[in-house]
Amino acid sequence: MALAHTFEANPHWLPRNAPHALDDMPGEDGIPFFGNTLRMLKDPVAFGRRMVETYGTIYRNHAFGGRTVMMIGPEANELVLFDRDKVFSSEQGWGPMLNLLFPRGLMLMDFDHHRADRKMMSVAFKPEPMRHYAAELNAGVAAQVAGWANRKLRFYDAIKALSLDLAATSFLGVPLGDEATRINQAFVDEVQAAATPIRVPLPGTQMRKGVKARQYLIDYFRREIPARRAGSNHVGGMDFFSQFCRVTGDDGTPLSDQAIADHMNFLMMAAHDTITSSATSLIMLLGRNPDWQDKLRAEIMAVGMDPVQGVAYADLDRLVLTDYAFKEALRMVPPVPSLPRRALKDFSFGGYDIPAGSFVGLNVGFTHYMPEHWTDPKSFDPMRFAPENARGRHKYAWVPFGGGAHMCLGLHFATMQVRILVAHLLSRYRIELDEGAGEAWQYFPIPRPKDGLPVRFVALA
């Protein structure tokens with residue numbers, strides 16, 4: 001089925017394991033063909049909790065076309081993400097879900113190839129480009145949120161549209177214009193296809209829509225590359241796309257047009273979909289905790305807040321409580337709730353010998369609520385991230401951005417955008433939620449509230 005289709009496209013991958021390779025591990029395979037996929041998609045939090053309660057923190061699951069070894073907890077996160085011995089492949093872990101949608105994106109690369117492309121991409125996240133992005137983000141957020149006064153809106157939808165505009169300005173250097181709606185829908189189709197149970201792009205399926213959306217976006221990026229290579233952009237080359245089109249590797253060789261388009265397709269998705277999710281969870285939690293709105297507002301005003309120019313780039317690191325609140329939102333609703341890998345070598349963990357070729361899954365969301373690492377984990381408590389409270393906590397108990405070589409390349413950009421957003425919102429408004437707003441979430445492929453999070457921004461007197 002789907003995995004065979006994907007393996008054919010990637011002949012260097014390990015072959016599929018024998019069907020009974022993990023029979024000695026506790027767990028369950030679910031129903032024929034779908035395994036536990038449908039149960040996971042319906043309520044992944046409850047499903048994960050039941051599996052851990054039944055089988056422990058290491059168990060066998062069957063979903064999305066094959067068996068997976070689920071490994072839960074900070075020690076498992078450290079083993080897999082730090083990956084001292086280069087056992088775990090990100091490419092072969094994410095591939096069955098993403099290979100038809102985001103092939104050759106940074107997350108679907110391993111080891112030397114990943115390191116080389118990551119090094120080239122990192123030039124766009126150095127201090128000078130980040131200062132440029134901060135100015136663009138402040139201007140874009142100020143222009144948009146000024147119109148939110150005393151209005152009730154679905155925050156998820158509003159911030160998704162705004163995040164796409166901001167990603168276009170910062171990463172492409174130009175507004176999306178008339179194509180914005182179609183580009184946004186293309187990203188929606190790609191992301192939704194990542195979690196569809198049918199993994200082959202058959203006519204009429206979500207995967208088919210996702211594959212067509214990918215082709216549209218790749219064509220869009222490829223059309224733009226020649227002008228960017230020649231320096232014919234509108235902002236002096238500070239946008240990510242223009243820099244990436246001109247960057248060269250250690251041997252002086254530039255990236256191919258296809259590689260640039262593949263990376264831009266993945267980056268643009270990550271730069272607005274994951275930020276949309278994490279910004280939504282933070283606004284929801286601030287709406288439920290007005291005392292924290294007051295604390296952050298006082299901090300923002302003390303740092304200095306211009307209604308248009310916002311918070312200066314140099315002052316963003318002074319928003320310490322805002323940073324704690326964002327980290328707490330990422331703990332409670334991580335934008336990537338689980339991280340898949342594939343073992344390239346035999347390894348042992350927790351008393352089990354696990355063969356090469358096994359798929360391995362880390363449940364980030366479950367780890368973020370383990371009471372042995374988080375006191376009263378269901379409560380919103382940003383101060384748990386203050387240095388005196390975080391001292392002694394396992395380094396891999398909090399991994400919303402992954403870890404190791406595959407730590408999210410854009411984490412500082414995401415943190416900067418959310419700080420700027422919160423500064424503009426709380427300096428203008430009080431956040432009010434209806435009772436029950438945001439109670440039900442869809443967690444895969446990227447978390448979002450099923451009701452869109454209805455919110456009202458009440459102008460401050």
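Residues numbered from 1 in each chain as written. Predicted model: local features only at pLDDT ≥ 70, side-chain atom pairs only at ≥ 80, totals over all residues. Heavy atoms only, no water.

Draft legend 1. Region of interest: the sheet that holds strand β12 (residues 454-459). Taken in spatial order, the three strands make up an open sheet running β4-β12-β9, and their pairing is antiparallel. Among the strands making up the open sheet, the edge pair consists of β4 (151-154) and β9 (429-433). Mean inter-strand twist for the sheet, computed between neighbouring axes without regard to direction, equals 30°. By the bridge criterion, five bridges tie β9 to β12 in an arrangement that is antiparallel. Counted as the bridge partner of Glu 432 is Arg 456 from β12. (Pairing = 2+ DSSP bridges. Helix = DSSP H or I, 4+ residues; strand = E, 2+ residues; numbered from the N terminus. Axes fitted to C-alpha atoms, helices over the stretch in contact; angles between N-to-C directions.)

Draft legend 2. Geometry of the environment of Arg 384. For Arg 384, the position within the fold is in the loop between α15 (364-367) and α16 (387-390). Taking the C-alpha atoms as reference, Arg 384 lies 9.5 Å from Ala 325; in sequence the two are 59 residues apart. Every residue in contact with Arg 384, bar those within four places of it in the chain, is listed here: Glu 328, Arg 331, Trp 374, Thr 375, Asp 376, Pro 377, Ser 379, Asn 389, Ala 390 and Arg 393. Within the structure, Arg 384 has its side chain in polar contact with the side chain of Glu 328 (distance 3.0 Å). (Contact = heavy atoms within 4.5 Å. Polar contact = N/O pair within 3.5 Å; in protein donor to acceptor, adjacent residues only side chain to side chain.)

Draft legend 3. The confidence of the model for the protein, seen in detail. The share of residues in the protein with pLDDT of 70 or more is 97%, and the mean pLDDT across the chain is 91. Contacts of residues 1-9 to residues separated by more than four positions or lying in other chains number 21 contacts, the stretch itself having pLDDT below 50. (pLDDT = per-residue confidence, 0-100.)

Draft legend 4. How the structure looks around the pattern of salt bridges. A complete count under the given rule lists 26 salt bridges for this structure. Between Arg 288 and Glu 439 there is a salt bridge whose closest N-O contact spans 3.7 Å. One end of the pair, Arg 288, is in helix α12 (residues 257-288); the other, Glu 439, is in the loop between β9 and β10 (441-442), and 151 residues separate them in sequence. A relative accessible area of 37% places Arg 288 in the partly exposed class. Looking at Glu 439, the relative accessible area reads 56%, which means it is exposed. For Glu 328, the salt bridge identified is with Arg 384, shortest N-O distance 3.0 Å. Of this pair, Glu 328 sits in helix α14 (residues 320-332) while Arg 384 sits in the loop between α15 and α16, placing them 56 residues apart in sequence. (Salt bridge = Lys/Arg side-chain N within 4 Å of Asp/Glu carboxyl O. Buried < 20%, exposed > 50% of the residue type's maximum accessible area, 1.4 Å probe, protein only.)

Draft legend 5. Spotlight on the sheet that holds strand β5 (residues 338-343). In spatial order, the strands read β1-β2-β8-β5-β3; together these five strands make up an open sheet with mixed pairing. Where the open sheet ends on each side, the last strands, each with one partner, are β1 (58-63) and β3 (88-89). Where strand β2 (residues 66-71) and strand β8 (residues 359-363) come together, four bridges link them in parallel fashion. Paired with Met 71 across the two strands is Leu 362, which belongs to β8. Strands β1 and β8 of the sheet are contacted by helix α3 (residues 44-55), whose axis makes an angle of about 135° with β1. Along the sheet, helix α5 (residues 90-98) makes contact with β3, β5 and β8, crossing β5 at roughly 120°.

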